[in-house]
Amino acid sequence: MQQLVYINILFRETYDNVLFQWGNEFMSKEQENLMNRIKKISEFDDTSRQYEVDLTHIANKKMNIKLLENILKDPFNDSQYSNDNILKIKYATFYCVNIYHRHQFNKEILDKLWETYADQFKEFKSFNHLKVNRFLLESDLCSDLDKQKDILEKASNDAVKYPNNAGYQHAFAVLFVDIVEKNEQNFEQCRELIETWNSKAFTAINSAIQRDSEYARYYCTKGRILSLMGRYDEADEQIYTAIIKEDSTKVDYAIRISKYQYYKIQNQYKKQLNDLQTQIKNEQEEISRMNNSVISNIETITLFSGIVSFVLGSLHLADGSSTVHAALLIVILMSCLMIVFVAFILLLHSSNKKFNKKSCYFLLIFSIVVIIMAIIIMGVLNDKYHICFFRTRE
């Protein structure tokens, strides 16, 4: 019995050792195959779209990430690689690991990766593009508008410098819309960003779609830009296209779909908010028209009452007075009524900033001058009358 137990234990240990050895051999073989793929890709121009696409295909397989990290740590002592080739292979591996952790939103791991390896890759042309993509993860935390504008400027320069790379066009466009949404609570900053960059970003995302019409995320980014432009129905269509086109085999498929749904809901919310604001504005304009109508009616009634008072007062003043005196008294009465009427109009429109008050002030001054002149003339006439009266008596 003890022999059977011993044989069983020995068999298990042998089986585990064989399985472990086989696993190591399999992983070594896989790492070698992956190394050959990375080496082949590293020979491409690192600013080309093909370079990024091929590395993305590798990054989309989760089982590759440990092998990639092993390659990145490997000191490359093998004499078959020159120093230049080693650096290109390590950069391609670094690029690939960046793609994986960025898609998985592993910011802490990505920060550590950059802290460890980034300095040795600064001379590569696409290094700035990697920085832009990394900043897309930081944009949710970064509140420094100057830093945001600086990285946006760099992304724009890359988009202009490499117009045939859809990835560079999209990186600029998506960074723009991320920064605008980050600053949407500050109206002035948001308006400045839109006025400066919106047309360029929209051109860039259209260029990206033209060059790679099957990449789903491009349509989501275009939808977000259309939403900023107030074209909500078109935006909804673009985001829906992104959901339909997204590749379900990608390791970050669930994350991507959830973000598309979020942007779709956000666009619908903006549309409803805009419709509500438009409705409120229309109601306010209708209320304003009604108020203006009421004010106009009050002004008409006031003017009519003034005319009636003027006519009655004129008849009373003219009774028993000379023609000149009666005329002057009527002028004074008319000017007083004008002052009261203008003051009443100013009172009605005191809260209306669009109302032109200059004409009212002119009428007030004119009426006061007329009253003063009429009083002076009446005084002169009275003096002449008294002089003539006394001379007649003498």
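Residues numbered from 1 in each chain as written. Predicted model: local features only at pLDDT ≥ 70, side-chain atom pairs only at ≥ 80, totals over all residues. Heavy atoms only, no water.

J.: Can you help me understand the pattern of salt bridges in this one?
T.: Opposite charge on two side chains permits pairing when their charged atoms draw close. The tally for this structure, following the rule as stated, stands at 17 salt bridges. Of the charged contacts, one joins glutamate 52 and arginine 49 as a salt bridge, the two residues approaching to 2.9 Å between their closest N and O atoms. In this pair, glutamate 52 and arginine 49 both sit in helix α2 (residues 49–59), 3 residues apart, roughly one turn of the helix. In this structure, glutamate 52 and arginine 49 share a single accessibility class: buried. Note that lysine 107 and aspartate 111 form a salt bridge whose closest N and O atoms lie 2.9 Å from each other. One end of the pair, lysine 107, and the other, aspartate 111, are both in helix α5 (residues 107–117), 4 residues apart, so they sit about a helical turn from each other. (Salt bridge = Lys/Arg side-chain N within 4 Å of Asp/Glu carboxyl O. Helix = DSSP H or I, 4+ residues; strand = E, 2+ residues; numbered from the N terminus. Buried < 20%, exposed > 50% of the residue type's maximum accessible area, 1.4 Å probe, protein only.)

J.: Can you walk me through helix α8 (residues 166–182) in this structure?
T.: Since the α-helix advances by 3.6 residues per turn, residues separated by three or four positions end up pointing in the same direction. In this model, α8 (17 residues) spans 24 Å end to end at C-alpha, consistent with the 24 Å of a helix rising 1.5 Å per residue. Burial of α8 is extensive: 16 of the 17 residues sit out of reach of the surface. Between the side-chain oxygen at the start of α8 and the backbone nitrogen of glycine 167 there is a gap of 2.9 Å, and the oxygen is on asparagine 165. (Expected span 1.5 Å × (residues − 1). Polar contact = N/O pair within 3.5 Å; in protein donor to acceptor, adjacent residues only side chain to side chain.)

J.: How do you make sense of empty space enclosed by the protein when you look at a structure like this?
T.: Picture a little ball the size of a water molecule; that probe, rolled over the atoms, points out where space is still empty. As enumerated under the stated definition, the model contains 1 cavity of 30 Å³ or more in all. In this structure, the largest cavity spans a volume of roughly 40 Å³. Along its surface, the largest cavity is lined by Glu181, Gly223, Arg224, Ser227, Ile239, Tyr263, Gln266, Asn267 and Lys270. When residues of the lining of the largest cavity are traced back to their parent elements, those giving at least two are α10 (216–228) and α12 (253–318). (1 Å grid on protein atoms, 1.4 Å probe; cavity = no way out; pocket = protein on both sides within 12 Å on 5 of 7 lines; lining within 4 Å. Points joined across faces, edges and corners; volume = space filled by probe spheres on them.)

J.: I keep staring at the layout of surface pockets and nothing clicks. Help me out?
T.: Volume-wise, the largest pocket comes out at about 590 Å³. Contributing elements (two or more residues each) for the lining of the largest pocket: α9 (187–211), α10 and α12. Sort the elements by how many residues they give to the lining of the largest pocket and α12 lands first, with 6 residues. Taken together, the residues that form the lining of the largest pocket break down as 8 nonpolar, 5 polar and 3 charged. Lining the second largest pocket are 25 residues; nearest its centre among them are Phe105, Asp178, Arg217, Lys259 and Tyr263. Listing elements by their share of the lining of the second largest pocket, those giving two or more residues are α4 (83–103), α6 (127–138), α8, α10 and α12. (Nonpolar A, V, L, I, M, F, W, Y, C, P; charged D, E, K, R; others polar.)

J.: Would you mind going over the packing of aromatic side chains with me for this structure?
T.: Overall, the coordinates contain 13 aromatic pairs when judged by the stated rule. Judged by centre distance (5.2 Å) and plane angle (40 degrees), the ring pair of tryptophan 114 and phenylalanine 127 falls under tilted. On the criterion of sequence distance, the pair formed by tryptophan 114 in helix α5 and phenylalanine 127 in helix α6 is long-range, its members being 13 residues apart. Both residues of the pair, tryptophan 114 and phenylalanine 127, belong to the buried class. (Phe/Tyr/Trp six-rings, centres within 6.5 Å; stacked < 30°, edge-to-face > 60°.)

J.: How should the side chain of serine 126 be read in this particular structure?
T.: Relative to the elements of secondary structure, serine 126 occurs in the loop between α5 and α6. On the accessibility criterion, serine 126 (0% relative accessible area) is buried. Not counting the four nearest positions on each side in its chain, serine 126 is found in contact with Asp46, Thr47, Tyr91, Tyr95 and Tyr168. (Contact = heavy atoms within 4.5 Å.)

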